[in-house]
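The residues making up each chain are set out below.
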Amino acid sequence: MSTAAVILAAGKGTRMNSELPKVAHEAAGKPLVRHVVDAARAAGCDKLIVVVGYGGDFVKGLLTNEPGVEFAIQTEQKGTGHAVLMAEPNLRDHAGPVLVLYGDMPLVTPSSLKALLDARESADAACVVGSAVTENNKGLGRVIRDADGTFLRIVEEKDANDEERAVTEINTGCYAFAGPALLSSLAELSPNNAQGEYYLTDCPAILKARGETVTAEAALTIEEALGVNTPEQLAEVERVLAGR
C-alpha cells in the first residue's frame, strides 16, 4: 500500500531575519526541506506532498526534479491543521498511511520515521504521535499518559499544570496517521481557541474521543525534533550534520 508524507513548508520564518522562505535556507549544502523530503522517501514514502505558502514558487523550484513530489498551497496562515487540510485534494484517493512532518526539521532520520510507521501498523492505529524524551522540555507540548502508560492527550506548556509540566515526553510534531482517519479528523477541527487557528494537535484527541486507537511512540530523539526558527538554530543544525 502506498505511503504518503505531508511536509509543512508554508511559513516565512520571520525570526530568520531573511526574505528567503524558512525551509529554503541551506544546511550542509542542501535546503532544509530537501533534507525532510529525502528522509521521508528513504523511510518508504512514495507520495510526497509539500504544503507551500510564503515564497511558494521559490520552494517549488527547489524540488522541481524530485520524484514523487507534489504540492499543495496554503494562502492563509490559519494553523497547522489548516495547513495539512490544504493537502486534502492530494490525499482524497489515498487509503494508505500518511506521515505529517515539518519542513524545518532537517535532522529527522529515515529510521525514526520508519519506526513511527511501523508502530502505527503494528497497533493498527488511527494515529501515532511521534514523541521524544528530554529533560530540556521548556516550551514544548507534553505527551500525557495514564498510570498504565496509555496515551491520553497532548498538553501545550501554557495549558499544563505543575504535574504535567514535569513530564519529560514531548510532542515532536511528527505523526503517522491512517490516511482516511487523518482526513476525517481534519474535517472536525474547529478554531475555537485563543489564536483562532486550526490545530493539528487536536486531531489525535478527536480520533481518541471517537474510540479509535491513538498511541504515542518515542521514536525520535530531541536532536531530530530540532526545528529551525532562528539563525542560531540553523548553526546548531549545521554542527550536528557535520558531526554525522
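See the structure above.
Residues numbered from 1 in each chain as written. Predicted model: local features only at pLDDT ≥ 70, side-chain atom pairs only at ≥ 80, totals over all residues. Heavy atoms only, no water.

Chemist: How should the layout of surface pockets be read in this particular structure?
Modeler: To find leftover empty space, a probe the size of one water molecule is rolled over the atoms. Considered as a void within the structure, the largest pocket measures approximately 1,400 Å³ in volume. Along the wall of the largest pocket there are 41 residues; nearest its centre are Lys-22, Thr-80, Tyr-102, Asp-104 and Asn-229. The element that contributes the greatest number of residues to the lining of the largest pocket is strand E10 (residues 169-178), accounting for five residues. In this model, the second largest pocket occupies a volume close to 310 Å³. (1 Å grid on protein atoms, 1.4 Å probe; cavity = no way out; pocket = protein on both sides within 12 Å on 5 of 7 lines; lining within 4 Å. Points joined across faces, edges and corners; volume = space filled by probe spheres on them. Helix = DSSP H or I, 4+ residues; strand = E, 2+ residues; numbered from the N terminus.)

Chemist: Is there a simple way to explain the state of the cysteines in this structure?
Modeler: Note: disulfide means a covalent bond formed between the sulfur atoms of two cysteine side chains. Scanning all chains against the criterion turns up zero disulfides. Of all cysteine sulfurs, the one in Cys-174 lies closest to Cys-45, which takes part in no disulfide; the gap is 11 Å. (Disulfide = S-S within 2.5 Å.)

Chemist: Can you walk me through helix H7 (residues 179-186) in this structure?
Modeler: The buried count for H7 comes to six of eight residues, which makes it a mostly enclosed element. All of the buried residues in H7 are Gly-179, Ala-181, Leu-182, Leu-183, Ser-185 and Leu-186. At its buried positions, H7 is contacted by helix H3 (80-85), helix H4 (88-91), strand E6 (97-102), E10 and helix H8 (202-209). (Buried < 20%, exposed > 50% of the residue type's maximum accessible area, 1.4 Å probe, protein only. Contact = heavy atoms within 4.5 Å.)

Honestly, that's just the spatial picture; any functional story needs more than this.
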